[in-house]
Amino acid sequence: MTIPESGCYMDNETSCLPCTPEEEKRVVDELTKEAESNLKEGNLYYVLSNRWYMDWLRYTGQDTGDNMFGHFIGPLSCNGVDSKTPIRRPGQIDNSHLLLDGSDVDGIDLDMHRTLEERRDYVLVPQEIWKKFHDWYKGGPALPRKLISHGVAHKSYSVEVYPLSLKLTDSRDDKKYIIRISKKESVRALYNKVCSLLDLDPEKVGIWDNFNGRKHKLLTVSDEDLEEACLQIDQDILLEVQSEGFHSSRSGMDSTGNELALVAVDPPSTSTSIAGGPAVSNSNGYSSGFGYNIIKGNGLNLPFTTADDGNDILSSVKKCGGGGLAGLQNLGNTCFMNSALQCLIHTPPLVEYFLQDYTEEINKQNPLGLHYYIPRKVSNSVPAVQGELAIAFGELLRKIWSSGRAPIAPRAFKGKLARFAPQFSGYNQHDSQELLAFLLDGLHEDLNRVKKKPYIQAKDANGRPDWKVANECWQNHKARNDSVIVDVCQGQYKSTLVCPSCSKISVTFDPFMYLSLPLPSTVTRSMTITILYGDGGALPMPFTVSVLKHGCVKDLIQALSDGPDGCCLKSDEKLLLAEVDDHHIHRYLDNPYEQLSSIKDDDHIVAYRVPKVPEKLTRLEIIFRSKQKCMSDISNGADSELLGTPLVSCFADGLLTGADIQPLAHKMLVPLMRTTSASPSNQVQTNAASGDAMELEEAFNGDSSPFHLWLTDEKGTSCHPIDNARVFEQGQTVRVLLEWSDRVRELYDVSYIENLPEVYKTTGYIAKKNKHEAVSLFSCLEAFLKEEPLGPDDMW
C-alpha cells in the first residue's frame, strides 16, 4: 500500500483515511466546533455505541475518564499518551447491541432498547462527524435522530433518541402496525404517514386516540404536534375508514384541548356531569359534558357547579364519599411525577380550594404565569389562555376526587408540564422534589392574587423585637405574593449570622416554600480516644465514647468532656485532639466542624488536656527517639527509631524561652516514673507528688538530667541545640526531640505511651446489628437547624 504525500492512503473503496490518530482528532474537533455554532431544530445526530467511542478516544490519545459531554461531542483534550505504547485502531462501528431483537431496517424505524442511558451505553454525534467515522471505519447500523426544541418562553434543545412508537390497529381487519414518528411532528403528518403506508384517501380516514384500548378522541387533522395531542410512546391508536368520510370531533375537550374533568355526582347512576349539563354517552362509553359556568375572557369551560340544584363538587364528594381513591397510571418512568401529584392532590386545603370555583383568582396579568399564545390559521392569534398549569392541575384533581376508583392517565397534565418545563419532557426518570418545586412555584404564579407588585424597601431591625421584624417581613412578602400556595405551603424562618471576626450579629427573616432537610444519622459510632495530661497530672487513660456516626469533632469533644463516659473535664480545661501516626503527630483536629468520617477505625487519636484561655496557646511538643545512632548521624537527618506517643503541653502565661523547656519536659514525664527506681527518681516522684516545681527543677539541673533535648521538626528528622536565651513567639508550636537512653528507660516506664488503642477495634465475629431507630420529622428539622460555621467564601 502506497501512502501519498498528503498523509492519507486510499483503500479499496477509495476512502481517504488519516494516517495518524492526531489527524482524526483534529478533524473531529473542527467538526464539533462547527456543529456547536449551528444549533437548530431538525439537525440530525447519530446514536453511536459508547464502547466503540471509548476505543476511539483511547486510540486518539484522549481522556476517557470523564466522558460527560452533552448531546454531542464537545472539544476533546489530549492527555499525552506515550507514543512508545501503541494502541490498536478501533474496528468497525458496531451499534447492534443497542437494538432490540428483530430490528432489521435502517434509520428511525430501528427500535432501541428502552433502558439505555446516554454516556453509559451510547453517545450522540453530529451528522458530519458520523459521516467521517463511517468513512474511516465503516460498520453501523446508522441510527439518525433529530434535534428538537422544548419550552415556550425559553427554548432548549435535545436529541429525540426515542421517537413515538404508536401501535396502530386497522379496524377493518384488526391488523397491527408500528408507526414511528417524532413527537414534534403534527397530527397532519401522522395522517399523511398512515395514509401513505396503507394507500388510503385522507378524506376517508379517521385516527382515534385509543389509549389503553379505549377511544378517547378523534385526532383532528391540524398542525398541532403529537406531544400537544397527548400521544404517548407505545400507546394504541385506532384507524377507521368510512366511505362517506370523517368529521373531526373534539367531544369531551375544552377550548385548550384538555379533557374535561367528568365527575359523577350522587346518585352515581344518574347521567349528569358535575358541570350540571347532560352527559351524553356514545357507543364507546365516552361521556361528554359541557359546563354552564364560563370563564369570561378566555372561553374556557370548567365544570364547577351543578346548575339544577346549585350543589358544588365539594359537597358532592362529601355526600358520595370514597373520593380521592383513584390512582395515576405510569406513562413511562413518570412515577416521580405521580408521587408528587398524589401528595398535593391529597393535601386537604388544596383539595377544598380546587374543588370550588377558583377561576376568579387566575392571574391574567402575571408575566410569570404559565400561559402561551396558541397559533391559529387566522389573521390574528387568539389571546393567551391564562393559568394553564393551574387549570390542568385543577382538572386532574377533580378527576381523582370523583367517586370512581379507576386509575387515571395524567396525559394532559404531562403535556402541559413538558411545554412549560422541558426538563421533564420525555420518558426518563427525574427528581420528584425538583418537579414538586416547579409545580408549587407555577401554581403560585398562576393564582397570585397580587396583580401589580409594589416595590418595598427592606428595613434593618435596628434593635426592634423579633416578632415585630418578622411580622413586617411577612407582610412585605404577602404584598407581592398572595395565593393559596402561599397560604398553605409557605412560611418564613429566622436566620442569624455571627461574624467570626468582629462578632457582629445579623438577623433576617426569609420566606420559604420547602426545606431541604438532612437525614440525621441514628447510627452511633463507638470511638476510643486516649487522653493525656499536658501538665503531667496523671497517666494516659483511654476513654470509649458513643457519638453519631455522621457527627463532627465538636460532638466527639463534648462526649469526651462531659458525657457519661467522659473524663470529667474541669471548667478551666479543654481538649486538644490530634492524630498520631508513626509515633509523631500527623495532624491536629482544630476544626470543630470537621466530620468524624475523616477519622478511620484504625487511626490512633489522642486528646491532650490543656488550659482553656481565649488567647493563642503556645504548644510544647515532645517527640521520643531511641538512642541507636551517634549524634552526628541524628543531626544529619539519619534514620533513628521513633517510639511512644508525643506529649503536648500548652500554656499562655508569659513567653516560652529555651531555658523553660527542660523543666517543663521533666514535669510532663513525672507520671511515667517507675516507683522502684534509684534515689534521684524517688526524689523526683516525691517532689512531683507535692507539686513543688522548684524542687523538681533542682533535682534535675545541669548535668544531673537523665535525658537530652534538641529542637526538631514535626517528624523528628532533624536535631538542633536549644538556645536557653531564645524566646518563642506566642501561639508557636515548639517541637523538641527527647533521646530515650538506657538510663531514661530505668527511670521511666515507656509502656504507658506505647501501643495506643485504635479508634475502633473490630472483634473476631460480626456483632448483631441493633434495630435502626425511626427517623422522625422533628429530628430532621433539628439537623437542619444545627449551627453551621461560616467558610472563607461565605464571609462577604
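Scroll up for the structure.
A brief look at the structure comes next. Quick caveat: nothing in here was measured; it's all calculated off a predicted structure.

**A look at the overall build of the protein**
Phase 1 of the analysis: Secondary structure summary: the protein contains 19 helices and 30 strands in total.
Phase 2 of the analysis: Relative to its full complement of 796 residues, the protein shows a buried share of 46%.
Phase 3 of the analysis: Counting every atom, the protein has about 41900 Å² of accessible surface; 50% of that belongs to carbon and sulfur.

**Digging into the side chain of aspartate 170**
Phase 1 of the analysis: In this structure, aspartate 170 sits in strand β9 (residues 164-170).
Phase 2 of the analysis: Not counting the four nearest positions on each side in its chain, aspartate 170 is found in contact with Lys175, Tyr177, Leu198 and Leu239.

**Thoughts on the sheet that holds β9**
Phase 1 of the analysis: The sheet built from 5 strands is open, its strands ordered β10-β9-β13-β11-β12 with mixed pairing. Here the strands that pair on one side only, and so sit at the sheet edges, are β10 (175-181) and β12 (217-218).
Phase 2 of the analysis: Both β9 and β10 contribute to a ladder of 7 bridges, which runs antiparallel. Within β10, the position partnered with leucine 168 by the bridge is tyrosine 177.
Phase 3 of the analysis: Along the sheet, helix α4 (residues 187-198) contacts β9, β10, β11 (205-209), β12 and β13 (236-241); its crossing angle with β10, the most-contacted strand, is approximately 135°.

**Remarks on the environment of arginine 625**
Phase 1 of the analysis: With respect to the helices and strands, the residue arginine 625 is situated in strand β25 (residues 618-626).
Phase 2 of the analysis: Residue classification places arginine 625 among the buried residues on the basis of a relative accessible area of 4%.
Phase 3 of the analysis: When the C-alpha positions of arginine 625 and tryptophan 740 are compared, they lie 5.7 Å apart, and in sequence the two are 115 residues distant.

**A word on helix α2 (residues 50-59)**
Phase 1 of the analysis: Across the 10 residues that make up α2, a large majority, 7, are buried.
Phase 2 of the analysis: What α2 keeps buried is the set Asn50, Trp52, Tyr53, Met54, Trp56, Leu57 and Tyr59.
Phase 3 of the analysis: The secondary structure elements touched by the buried residues of α2 are α1 (21-36), β3 (44-49), β4 (93-94), β5 (122-126) and α3 (127-137).
Phase 4 of the analysis: The backbone nitrogen of arginine 51 lies 3.3 Å from a side-chain oxygen of the residue at the head of α2, namely serine 49.
Phase 5 of the analysis: Count one or two residues on from α2 and you reach glycine 61, which has phi positive near 70°.

**Considering the packing of aromatic side chains**
Phase 1 of the analysis: All chains considered together, the criterion is met by 13 aromatic pairs.
Phase 2 of the analysis: With centroids separated by 6.2 Å and ring planes inclined at 70°, the aromatic side chains of phenylalanine 133 and tryptophan 136 adopt a geometry described as edge-to-face. Here phenylalanine 133 pairs with tryptophan 136, and both are found in helix α3, just 3 residues apart, close to one helical turn. Across the pair, exposure class does not vary: phenylalanine 133 and tryptophan 136 are buried alike.
Phase 3 of the analysis: Look at tryptophan 740 and tyrosine 748: their rings are 6.3 Å apart centre to centre, the planes differ by 50°, and that puts the pair in the tilted class.
Phase 4 of the analysis: On the basis of relative accessibility, which here comes to 1%, the residue tryptophan 740 falls in the buried class.
Phase 5 of the analysis: Within the aromatic cluster, the residues linked to one another by ring pairs are Trp52, Tyr53, Trp56, Phe133, Trp136 and Tyr137.
Phase 6 of the analysis: Its end group placed over the ring of tyrosine 588, arginine 619 keeps NZ or CZ at 4.2 Å from the ring centre.

**Structural notes on helix α11 (residues 466-480)**
Phase 1 of the analysis: Taking 1.5 Å of rise per residue, 15 residues should cover 21 Å, and α11 covers 22 Å from first to last C-alpha, within 8% of that figure.
Phase 2 of the analysis: Along α11, the residues that are buried comprise Val469, Ala470, Glu472 and His477. In an axial view of α11, the angular spread of the buried residues amounts to 165°, which keeps them on one side of the axis.
Phase 3 of the analysis: On its buried side, α11 packs onto β18 (491-498) and β19 (505-512).

**Considerations on the pattern of salt bridges**
Phase 1 of the analysis: Throughout the structure, instances matching the rule amount to 32 salt bridges.
Phase 2 of the analysis: Lysine 416 is the salt-bridge partner of glutamate 388, the closest N and O atoms lying 3.6 Å from each other. Separated by 28 residues along the polypeptide, glutamate 388 in helix α8 (residues 388-400) and lysine 416 in helix α9 (residues 411-420) bring together distant segments of the chain. Comparing glutamate 388 with lysine 416 shows no difference in burial state: the two are buried.

**Observations regarding the packing of α1 against α3**
Phase 1 of the analysis: Across the interface, α1 lies against α3 with an axial gap of 9 Å and an inter-helix angle of 160°. Relative to α3, the element α1 is oriented roughly antiparallel. Pair α1 / α3 crosses with right-handed handedness. In this structure, α1 uses Glu24, Val27, Val28, Leu31 and Thr32 to contact α3, whose residues at the interface are Glu128, Ile129, Lys132, Phe133, Trp136 and Tyr137.

**What to know about the sheet that holds strand β7 (residues 144-150)**
Phase 1 of the analysis: Read across the open sheet, the 4 strands follow the order β5-β3-β7-β8; overall the sheet is antiparallel. Two strands lie at the open edges of the sheet, namely β5 and β8 (156-159), each paired on one side alone. Strand-to-strand twist in this sheet, taken as the mean axis angle between neighbours without regard to direction, amounts to 35°.
Phase 2 of the analysis: Where β7 lies against β8, 4 bridges are found, and the strand directions are antiparallel. From the neighbouring strand, serine 149 faces β8, where its bridge partner is tyrosine 157.
Phase 3 of the analysis: α2 contacts β3 and β5 of the sheet and is inclined by roughly 85° relative to β3.

**Points about the environment of serine 516**
Phase 1 of the analysis: Its location among the elements puts serine 516 in the loop between β19 and β20 (524-533).
Phase 2 of the analysis: Residues serine 516 and cysteine 780 lie 264 residues apart in sequence; the distance between their C-alpha atoms is 9.5 Å.

Rules of the game
Residues numbered from 1 in each chain as written. Predicted model: local features only at pLDDT ≥ 70, side-chain atom pairs only at ≥ 80, totals over all residues. Heavy atoms only, no water. Helix = DSSP H or I, 4+ residues; strand = E, 2+ residues; numbered from the N terminus. Buried < 20%, exposed > 50% of the residue type's maximum accessible area, 1.4 Å probe, protein only. Areas by Shrake-Rupley, 256 points an atom, 1.4 Å probe, with all protein chains shown as cover. Contact = heavy atoms within 4.5 Å. Pairing = 2+ DSSP bridges. Axes fitted to C-alpha atoms, helices over the stretch in contact; angles between N-to-C directions. Polar contact = N/O pair within 3.5 Å; in protein donor to acceptor, adjacent residues only side chain to side chain. Phe/Tyr/Trp six-rings, centres within 6.5 Å; stacked < 30°, edge-to-face > 60°. Lys NZ or Arg CZ within 6 Å of the ring centre and 35° of its normal. Expected span 1.5 Å × (residues − 1). Arc of directions from axis to C-beta. Salt bridge = Lys/Arg side-chain N within 4 Å of Asp/Glu carboxyl O. Parallel < 35°, antiparallel > 145°, perpendicular 65-115°, else oblique. Left-handed = near helix turned anticlockwise from the far one by under 90°.

Nothing here speaks to function; it is geometry throughout.
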